[in-house]
Amino acid sequence: MNPNILSKLRTFCRDEAAFEQLKQTLTEELQPLEREIDRAKHQVEQQKALFSVITRLREPIELETIFQSTATEVRQLLSADRVGMFRFYPDSGWDDGEFVSEDVDPAFPSAMAQKIHDHCFGEQFSARYQQGRMQVVADIHNAGLSDCHIEVLSQFQIKANLAVPLLQGQNLWGLLCIHQCQAPRHWQDTEIEFVQQIANHLGVALKHAELMADLRAEVLERQQAEQAVQTLNQGLQKAIVDLKAVNRELESFSYSVSHDLRAPLRSIDGFSQALLEDCSDRLDASGQDYLRRIRNATQRMGNLIDDLLNLSQVTRTEMNLEPVNLSLLVSSICTELQRSHPERQVEFVVQPGLSARADARLLQVLLMNLLNNAWKFSAKNPLARVEFGMMPAETDIPVYFVRDNGTGFDMAFSNKLFGPFQRLHSAIEFPGNGIGLATVQRIAHRHGGKVWAEGAVGEGATFYFTLKPEAASL
C-alpha cells in the first residue's frame with residue numbers, strides 16, 4: 001500500500017492493534033483490485049501489440065519484416081524465452097520445415113537456419129492444425145507427447161510450448177511458436193487468446209503476400225508478353241522493310257528479264273519470218289517447217305514471260321477493295337470469249353445479282369483465268385456449257401464457283417492443279433503454260449480466301465473460290 005496513505009490513516013487510528021487490523025483489511029481488499037489493474041494493463045499492452053501488427057499489414061512492408069517485429073513484441077509482452085515463425089516446406093507432407101523468423105533470449109540457442117524433421121507431425125497433427133486447433137503444453141514431459149515430438153522440442157531446450165497454426169487462406173503454411181526454455185509454464189487463457197489473434201493477423205499477411213506474389217508474377221508475365229510483342233513488331237517492321245527491298249529487286253529483275261529476253265526473242269522470230277518470206281524458194285519443206293517451229297517456240301516463250309510477269313505482279317500490287325458486280329463482270333468476259341471465237345456455240349449460265357467487296361482488277365484476272373479454262377476444256381463438247389454462281393449459304397463466307405461440262409480431270413492429281421507449270425493435259429491437246437490456276441490461287445489468298453476444285457475424267461470440272469469473311473458478299 002502507498003506509504004502516504006498509510007501515514008494519513010495512522011492519524012485517524014491511534015490504536016496500534018486496530019491500525020494493523022485496518023491495514024490488513026485494506027490490503028486484502030486492494031490486492032484483487034491491483035491484480036485487475038495489472039491484468040488491464042497487460043491487456044492494453046496486448047491490444048497495442050495487435051494494433052502494431054494490424055498497422056504493419058496496411059503498410060508496404062515485406063513479410064520478413066512483419067514477422068521479425070511481431071516476434072520481438074510478442075516475446076517481450078509474454079516474457080517468453082523464444083518466439084518464432086516456423087514454415088513447412090511445400091510438398092513435404094508437413095514433416096519438414098524451418099524457422100524463418102525468431103526473437104530469442106541470448107541464454108538459449110537460436111532455432112534459425114536449422115532444418116527440422118518430425119515425421120510424427122504430418123501423421124498426427126497436421127489435419128487438426130489445418131482446422132485451426134493449437135497445441136498448449138505446460139510441460140513437454142507431462143503432456144502425453146510422442147517420443148519423436150519430445151525429441152524435436154528438447155533439441156531447442158524447450159520446456160513449455162504454445163504453437164498456433166499460421167493459415168494462408170485454407171492451407172497450413174506454418175506455426176507461430178512460443179517457447180519457455182527455463183522451466184515449465186502454465187499458459188493463461190488471455191495469453192492463448194492473444195497469441196491466436198496475432199496468428200490470425202499474420203495469416204492475413206501471408207494471404208496478402210501470396211496475392212502480391214501472384215500479382216507480381218502476372219505483371220512480370222504481361223511485361224514479358226509486351227516485350228515479346230515489341231520484339232515481334234520490331235522483327236515485323238524489319239521484315240516489311242526487307243520485303244519491300246526484295247520486291248523492288250524483284251520488280252527490277254522482272255523488268256530486266258522482260259527487256260533482255262524479249263529483244264533476242266524478237267530477233268529470232270523476226271529473222272525466222274524473214275527467211276520464210278525472202279528465202280522460201282531456196283528452202284525445202286523441212287527447212288520451212290523448222291523455221292515455223294522456231295517461230296512458234298519463240299512466241300510461246302514470249303507468252304510464258306508475259307504470264308510469269310503477270311503472276312509476280314499479282315503478289316506485289318496493292319489491294320484496293322471496293323464493291324464488285326460479279327455477275328456483270330462474268331457476263332462481259334463470256335461475251336468477249338464468244339465474240340473472239342464465233343465458230344463455237346457455248347451456253348453460258350450466269351447467276352444474277354452476285355457481288356462482293358474485292359479488288360476489281362485482281363478479281364477480273366481470277367475470273368478470266370477460270371472462265372478461259374472452262375472455255376478451253378469444254379471445246380470438245382458440242383453442247384458446251386459454262387456456269388457461274390454461288391453455292392447455297394452454309395456459312396457467313398460465300399462460296400462462288402465456275403463449272404463446265406468439258407474434259408474434266410482425275411481427282412488423284414488435284415494437288416497439281418494450282419502449282420505453276422503443272423499441267424494435267426498435254427500442251428498439244430490443250431495449249432497453255434500452266435500459270436493460270438496458280439494466278440487464281442494467289443489472288444484468292446490475297447483476299448484471305450481459298451480455291452479448290454472437283455472433277456472427273458470426261459464429266460467436267462467445278463472450281464470453287466472464297467474471299468475472306470470481312471470481304472463477304474454485299
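Residues numbered from 1 in each chain as written. Predicted model: local features only at pLDDT ≥ 70, side-chain atom pairs only at ≥ 80, totals over all residues. Heavy atoms only, no water.

### Observations concerning the sheet that holds strand β2 (residues 96–104)
The condition that has to hold: DSSP bridges decide pairing: two strands pair if at least two such bridges lie between them. Where helices and strands are cited, they refer to DSSP runs of H or I of at least four residues and of E of at least two residues respectively, numbered from the N terminus. Whether two residues touch is decided by their heavy atoms; if any such pair falls within 4.5 Å, the residues are in contact. Fitting a line to C-alpha atoms yields each axis, with helices limited to the stretch in contact; the angle taken between N-to-C directions then spans 0 to 180 degrees.
Within the open sheet, the six strands sit side by side as β3-β2-β1-β6-β5-β4. Their pairing is antiparallel. In the strand order of this sheet, the two ends are held by β3 (116–117) and β4 (135–137), each with one partner. Running at roughly 60° to β2, helix α3 (residues 63–78) makes contact with β1 (82–88), β2 and β6 (171–180) of the sheet.

### Some remarks on the sheet that holds strand β8 (residues 347–350)
Spatially, the five strands line up as an open sheet ordered β8-β10-β11-β13-β12, and their pairing is mixed. Both edges of this open sheet fall to β8 and β12 (451–455), since each of them pairs with a single strand only. Neighbour-to-neighbour, the strand axes of the sheet open up by a mean angle of 10°, direction not taken into account. In this fold helix α9 (residues 326–340) packs onto β8, β10 (385–390) and β11 (399–404), with an angle of close to 170° to the strand it touches most, β8.

### Points about α3
Selection rule: The span one expects for a helix is its residue count, reduced by one, times 1.5 Å. We call a residue buried when its accessible area falls under 20% of the maximum for its residue type, exposed when it is over 50%, and partly exposed in between, using a 1.4 Å probe and counting protein chains only. The directions from the helix axis to the C-beta atoms form the arc being described.
The first and last C-alpha atoms of α3 sit 22 Å apart over 16 residues, in line with the 22 Å expected at 1.5 Å per residue. For α3, the complete set of buried residues consists of Ile 66, Phe 67, Thr 70, Ala 71, Val 74, Arg 75, Leu 77 and Leu 78. Seen along its axis, α3 keeps its buried residues to an arc of 160°; they face one direction. Turned more than 90 degrees off the buried face of α3, the exposed positions are Glu 64 and Gln 76. Immediately beyond the C-terminal end of α3, within one or two residues, lies Ser 79, with a positive phi of roughly 55°.

### A short note on the pairing of β1
Two faces, one strand: in a regular strand the side chains alternate between the faces of the sheet. Buried residues dominate β1, accounting for six of its seven residues. Summarising the sheet, β1 and β2 pair through seven bridges and their orientation is antiparallel. Across the sheet, residue Phe 88 finds its bridge partner in β2, namely Gly 97. In this sheet, β6 lies alongside β1 in antiparallel orientation, the contact comprising six bridges. Note that in β6 the partner of Phe 86 across the bridge is Leu 175.

### A closer look at helix α10 (residues 360–377)
The terminal C-alpha atoms of α10 lie 26 Å apart, and with 18 residues this matches the ideal 26 Å at 1.5 Å per residue to within 8%. Looking at α10, one finds that the buried residues are Leu 362, Leu 363, Leu 366, Leu 367, Leu 370, Leu 371, Asn 373, Ala 374, Trp 375 and Phe 377.

### A look at the packing of α9 against α10
Our working definition: Angle categories: roughly parallel below 35 degrees, roughly antiparallel above 145, roughly perpendicular from 65 to 115, and oblique for all the rest. Left-handed describes a crossing whose near helix is turned anticlockwise from the far helix through less than a right angle; right-handed describes the clockwise counterpart. Side-chain classes are defined by residue name, with Ala, Val, Leu, Ile, Met, Phe, Trp, Tyr, Cys and Pro counting as nonpolar, Asp, Glu, Lys and Arg as charged, and the others, Gly among them, as polar.
Running from amino to carboxyl end, α9 crosses α10 at an angle of 45°, the nearest separation of the two axes being 10 Å. The angle between α9 and α10 places the two elements in the oblique class. Read as a crossing pair, α9 and α10 show a hand that is right-handed. Each of Leu 326, Leu 329, Val 330, Ile 333, Cys 334, Leu 337 and Gln 338 in α9 lies in contact with α10, whose residues at this interface are Leu 363, Gln 364, Leu 367, Met 368, Leu 371, Asn 372 and Trp 375. Among the residues forming the contact of α9 with α10, the class breakdown is 11 nonpolar, three polar and no charged.

### A few points about the packing of aromatic side chains
The condition is simple: Paired rings are identified among Phe, Tyr and Trp, the last through its six-membered ring, by centres lying within 6.5 Å, and are further divided according to the angle between planes into stacked (under 30 degrees), edge-to-face (over 60) and tilted (the rest). Here, over-ring charges are defined by two tests on the NZ atom of lysine or the CZ atom of arginine: distance to the ring centre within 6 Å, and angle to the ring normal within 35 degrees.
Applying the stated criterion across every chain, the model contains eight aromatic pairs. Ring plane angle 90° and centroid distance 5.2 Å describe the contact between Phe 86 and Phe 88, whose orientation is recorded as edge-to-face. Per residue, the accessibility class of Phe 86 equals that of Phe 88, and both read buried. Ring centres of Trp 452 and Tyr 464 lie 5.4 Å apart, and the angle between their planes is 15°; on these two criteria the pair is classed as stacked. On the criterion of sequence distance, the pair formed by Trp 452 in strand β12 and Tyr 464 in strand β13 (residues 461–466) is long-range, its members being 12 residues apart. By way of ring pairs, the aromatic residues Phe 86, Phe 88, Phe 99 and Phe 156 are connected into one cluster. Above the face of the Trp 375 ring, Arg 344 is positioned so that its terminal group lies 4.2 Å from the ring centre. The ring of Trp 452 has Lys 450 sitting right over it, with the charged end atom 5.1 Å from the ring centre.

### Describing the confidence of the model for the protein
Low-pLDDT stretches of the model should not have their predicted coordinates read in fine detail. Under the convention used in this document: The pLDDT value expresses, per residue, how confident the predictor is, ranging between 0 and 100.
Taken over all residues, the pLDDT of the protein has a mean of 81, while the share at 70 or more is 81%. pLDDT under 50 marks residues 470–474. Its contacts with residues more than four places away, or in other chains, come to 12 contacts.

### Remarks on the side chain of Ser 272
Structurally, the position occupied by Ser 272 is in helix α7 (residues 189–278). The contact partners of Ser 272, leaving out residues within four places of it in the chain, are Leu 291, Ile 294 and Arg 295.

### As for the nonpolar core
To be explicit about the condition: Buried Ala, Val, Leu, Ile, Met, Phe, Trp, Tyr and Cys residues form a nonpolar core when they are joined through side-chain atoms within 4.5 Å.
Residues Leu 326, Leu 366, Leu 367, Phe 388 and Phe 465 are the most contacted members of the largest nonpolar core, which totals 37 residues. For this core, the elements supplying multiple residues, two or more each, are α9, β9 (355–359), α10, β10, β11, α11 (436–446), β12 and β13. Residue contributions to this core peak at eight residues, all from α10. If we skip the residues at most four places from it in the chain, Leu 366 touches Val 440, Ile 443, Ala 444 and Phe 465. With 25 residues, the next largest nonpolar core counts Val 74, Ala 160, Trp 173 and Val 195 among its residues.

### Let's talk about the pairing of β13
The element β13 is extensively covered by neighbouring structure, given that six of its six residues are classed as buried. The alternating pattern of β13 places Ala 461, Phe 463 and Phe 465 and Thr 462, Tyr 464 and Thr 466 on opposite faces, both of which are buried. Where β11 meets β13, six bridges bridge the pair, whose relative direction is antiparallel. Paired with Val 399 across the bridge in β13 is Thr 466. As defined by bridge partners, β12 adjoins β13 across five bridges and the pair is classed as antiparallel. Considered in β13, the bridge of Trp 452 is made with Tyr 464. The turn joining β12 and β13, which pair antiparallel and follow one another in sequence, is formed by five residues; a positive phi near 80° is taken by Gly 458.

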